[in-house]
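# Chains, contacts and geometry: an overview
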Amino acid sequence: MTTILNGKELAKKLRVKVKAEVEALTSNGERPPHLAAILVGEDGASKTYVNSKERDCEFVGFNSTVHRLPADTSEQDLLDLIQSINTNDDIDGLIVQLPLPKHMDSEKITEAINPEIDVDGFHTISVGKLTKGEDTFISATPFGIIMTLEDYGIDTVGKHCVVIGRSNIVGRPMSILMSRNGYPGNATVTICHSRTQNLKGFTLQADIVIAALGIPDFLKADMVKEGAVVIDVGITRVDADNPKGYILKGDVDYEAVKDKASAITPVPGGVGPMTRYGLLFNTLKSYKMKRGK
Ligand code: GUN
């Protein structure tokens, strides 16, 4: 029997907990946590993500502010806005939705965010702390995956975890978390990427596969060991003849792989909702840290 790692249901359960915690924290009249998001341009997927984040904030009782800026906004104007948010004590978390328009240097923008409100966990200070095993904001997708493994009690100790993809947002932090001395963690980690030779040779050895490369249906059943745990981070829009004009596809050939896996995340409804929860968790964490809680 394959366990479907239902991120949608888990995220719902965890959001309800956050909502209750916000109610308790604000019962004395204190303001609720506040997440600010900046969206530059008209990228369809980014707009959808930001709208979802706004809805999540509303559900749990956070304040949220979304700055929707035109695609031709200058880098300096964006930096000025970030600076004004950095110094606003009423804001606990700031995210700048990626990707940014081509004329902007994403690295420079990410580094301009005050690490104390870097709830995406993308700043060098956040990444450095994560790497050293210090308490920090763990970026939302790796955090969501860790929470899923934990909630479903997936055994990771001494297991071989193969991470496909070396992005700063998912693959690299995921590899660090899975190898840390803690739970979930203590796995033996292999990180594979576009230049890996004989990738199938690695994935076939994996007890846990985390696919985060952004190629729909990439991981086929013949690349997966019987009984493996399969985590699908992919969420690519593929053209389809439906009212939306697209469907969402993961990196895993789900229908074929699910019969071989002992546990698997679906797309949609797996990692995606847990990523959104990660952001709420980090914003609440920032809020509590500011208050010494
Ligand atoms: N673009 C895709 N995923 C993310 C994310 O987690 N945070 C931000 N800021 N941009 C993204």
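The coordinates are above.
We now turn to the structure provided with this report. Treat the numbers as computed from the prediction; the structure is a model and nothing was measured.

## Considerations on the site of the ligand
Neighbouring residues of the ligand: Val-96, Gln-97, Leu-98, Asp-120 and Phe-122. Here Gln-97 contributes a side-chain N or O atom positioned 3.2 Å from a nitrogen atom of the ligand. Between the ligand and Leu-98, the relevant distance is 2.9 Å, taken from a nitrogen atom to a main-chain nitrogen or oxygen of the residue. For the ligand, whose free accessible area comes to 280 Å², the fraction covered by protein is 82%. Tallied by class, the residues present in the shell around the ligand amount to three nonpolar, one polar and one charged.

## Comments concerning the nonpolar core
The tendency in soluble globular proteins is for nonpolar side chains to be buried side by side. Grouped together as the largest cluster of nonpolar side chains are 47 residues, with contacts concentrated most on Phe-62, Ile-145, Met-178, Ile-210, Val-229, Ile-231 and Tyr-277. If you tally residues by element for this core, the top one is helix α10 (residues 271-290), at seven residues. Ranked by size, the runner-up nonpolar core spans 17 residues in total, among them Val-40, Leu-81, Val-96 and Ile-113.

## Some remarks on the packing of aromatic side chains
Applying the stated criterion to the full structure yields three aromatic pairs. Grouped by ring-pair contacts, the aromatic residues Phe-143, Tyr-277 and Phe-281 constitute a single cluster. If you follow Lys-19 out to its NZ or CZ, it ends over the ring of Phe-59, 5.3 Å from the centre. Looking at Arg-291, its charged tip hangs above the ring of Tyr-287, at a distance of 3.8 Å from the centre.

## Overview of the packing of helix α6 (residues 140-151) against helix α7 (residues 171-179)
One way to put it is that α6 packs onto α7 with a least axis distance of 9 Å and a crossing angle of 35°. Pair α6 / α7 crosses with right-handed handedness. Listed contacts from α7 to Pro-142, Ile-145, Ile-146 and Leu-149 of α6 are Pro-173, Met-174, Leu-177 and Met-178. Here the residues of the contact of α6 with α7 sort into eight nonpolar, no polar and no charged.

## A few points about the pairing of strand β8 (residues 229-232)
Of the two faces of β8, the one lined by Val-229 and Ile-231 and the one lined by Val-230 and Asp-232 are each fully buried. Bridge count for strand β7 (residues 208-211) against β8 is four bridges, and the pairing is parallel. Of the residues in β8, the one forming a bridge with Ile-210 is Ile-231. As paired elements, β8 and strand β11 (residues 263-264) share two bridges and run parallel to each other. Each bridged residue has a counterpart across the sheet, and for Val-229 the counterpart in β11 is Ala-263.

## A word on the pairing of strand β3 (residues 63-69)
Of the pairings in the sheet, the one linking strand β2 (residues 34-40) to β3 comprises seven bridges and is parallel in character. Each bridged residue has a counterpart across the sheet, and for Leu-39 the counterpart in β3 is Arg-68. Regarding topology, helix α2 (residues 44-60) serves as the crossover connection from β2 to the parallel β3, and that connection is right-handed.

Reading guide: rules and limits
Residues numbered from 1 in each chain as written. Predicted model: local features only at pLDDT ≥ 70, side-chain atom pairs only at ≥ 80, totals over all residues. Heavy atoms only, no water. Near = heavy atom within 4 Å. Polar contact = N/O pair within 3.5 Å; in protein donor to acceptor, adjacent residues only side chain to side chain. Areas by Shrake-Rupley, 256 points an atom, 1.4 Å probe, with all protein chains shown as cover. Nonpolar A, V, L, I, M, F, W, Y, C, P; charged D, E, K, R; others polar. Core = buried A, V, L, I, M, F, W, Y, C linked by side-chain atoms within 4.5 Å. Buried < 20%, exposed > 50% of the residue type's maximum accessible area, 1.4 Å probe, protein only. Helix = DSSP H or I, 4+ residues; strand = E, 2+ residues; numbered from the N terminus. Phe/Tyr/Trp six-rings, centres within 6.5 Å; stacked < 30°, edge-to-face > 60°. Lys NZ or Arg CZ within 6 Å of the ring centre and 35° of its normal. Axes fitted to C-alpha atoms, helices over the stretch in contact; angles between N-to-C directions. Left-handed = near helix turned anticlockwise from the far one by under 90°. Contact = heavy atoms within 4.5 Å. Pairing = 2+ DSSP bridges. Right-handed = clockwise from strand over helix to strand, strands pointing away.

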